[in-house]
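# Overview (structure and organization)
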Amino acid sequence: PTDVDSVLTPSGLVTVVDQADLFSDSAETELGLMASRLGHQYTMDLVIVTTLDAEGKSSMEYADDYFDYNDYGADSESSGVLFLIDMDNREFYISTTGRAIRFYTDSRIESSLDQIEPDMIGGNYADAAMTFLVATEQWLKAGIPSNQYTEVVTPKVFRLEWYEILIAVVLAIV
């Protein structure tokens, strides 16, 4: 028997949500233990979700919404990574939030998906989920890439100076 706390995220939620019933009980436990260990080690929620019904959403929308609306996310930034196996849309997807975004760059996500793809094609879903966790551990150990940045978009505010208004008024009168 597995201690229930050993398969929970740092925020106290279940690490493996197998709604599509793709994993055996032993695989679910093994995945949950590893996700929980990594999550606690790096203070972020690592979650594996399978679904048969994406509720009319894309895989990206379903994954992002699942993480947000089920209160996943460790620390003040709600940090975490969710791996979705979406049997409805026949896709798999990796969603990141908070500090996890800086570890799991777009190129790292693509690399992970490339590693996962053979198991997904072969219908080896538990192996695919384990490959996701192994890749995640690799990226977390590697740390945040030195060239990593988060683009902050600042809205441009246009203000007219007093002299610009004066020139506009003078030109309007003339």
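Residues numbered from 1 in each chain as written. Predicted model: local features only at pLDDT ≥ 70, side-chain atom pairs only at ≥ 80, totals over all residues. Heavy atoms only, no water.

As summarised here, the arrangement of the four strands in space is β1-β2-β3-β4, forming an open sheet in which the pairing is mixed. Looking at the sheet topology across the chains shown, the edges are occupied by β1 (16–18) and β4 (91–97). The mean inter-strand angle of the sheet, taken between neighbouring strand axes irrespective of direction, is 10°. Of the strand pairs in this sheet, strand β3 (residues 80–86) and β4 are connected by seven bridges, and their pairing is antiparallel. Within the sheet, the bridge partner assigned to L84 lies in β4 and is Y93. (Pairing = 2+ DSSP bridges. Helix = DSSP H or I, 4+ residues; strand = E, 2+ residues; numbered from the N terminus. Axes fitted to C-alpha atoms, helices over the stretch in contact; angles between N-to-C directions.)

Attention now moves to the side chain of R108. Among the secondary structure elements, R108 is positioned in helix α4 (residues 106–121). Of note is the side chain of R108, whose polar atom sits 2.8 Å from the backbone oxygen of G143. Once residues within four sequence positions are removed from consideration, R108 is found in contact with F103, W139, A142, G143 and P145. (Polar contact = N/O pair within 3.5 Å; in protein donor to acceptor, adjacent residues only side chain to side chain. Contact = heavy atoms within 4.5 Å.)

Judged by nonpolar contacts, the single largest core of 33 residues is most densely connected at F23, I48, I94 and F132. In terms of residues, this core owes the most to one element, helix α5 (residues 125–142), which gives nine residues. Every residue in contact with I94, bar those within four places of it in the chain, is listed here: V81, L82, F83, Y104, I109, S112, L113, I116 and F132. Counting residues in each nonpolar core, the second largest holds 11 residues, with V47, V49, Y66 and L82 among its members. (Core = buried A, V, L, I, M, F, W, Y, C linked by side-chain atoms within 4.5 Å. Buried < 20%, exposed > 50% of the residue type's maximum accessible area, 1.4 Å probe, protein only.)

Here the focus is a negative patch on the surface. A cluster of acidic residues, D106, E110, D114 and E117, forms a negative patch on the protein surface. Relative to the elements of secondary structure, E110 occurs in helix α4. (Patch = residues over 30% accessible without salt bridge, like charges linked within 9 Å, V, L, I, M, F, W, Y side chains within 5 Å. Areas by Shrake-Rupley, 256 points an atom, 1.4 Å probe, with all protein chains shown as cover. Salt bridge = Lys/Arg side-chain N within 4 Å of Asp/Glu carboxyl O. Lys, Arg positive; Asp, Glu negative; His and termini not counted. Charge placed at Lys NZ, Arg CZ, Asp CG, Glu CD.)

Here we take up helix α2 (residues 59–69). Among all positions in α2, only S59, Y62, A63, Y66 and F67 are buried. Down the axis of α2, the buried set is contained in an arc of 125°. They therefore lie on one face. Elements in contact with the buried residues of α2: β1, β2 (45–51), β3 and β4. Trailing α2 by a residue or two, D71 shows a phi angle of about 60°, which is positive. (Arc of directions from axis to C-beta.)

It is worth spelling out unusual backbone geometry at this point. Glycine aside, negative phi is the norm for most residues, and most peptide bonds take the trans geometry. One non-glycine residue with positive phi stands out, namely T43, at about 50°. Residue placement: T43 occurs in the loop between α1 (25–42) and β2. T43 sits in the partly exposed class, given a relative accessible area of 39%. Despite not being glycine, E55 has its phi angle at roughly 60°, a positive value. Inspection of the secondary structure puts E55 in the loop between β2 and α2. Taking relative accessible area as the criterion, E55 reaches 52% and is therefore assigned exposed.

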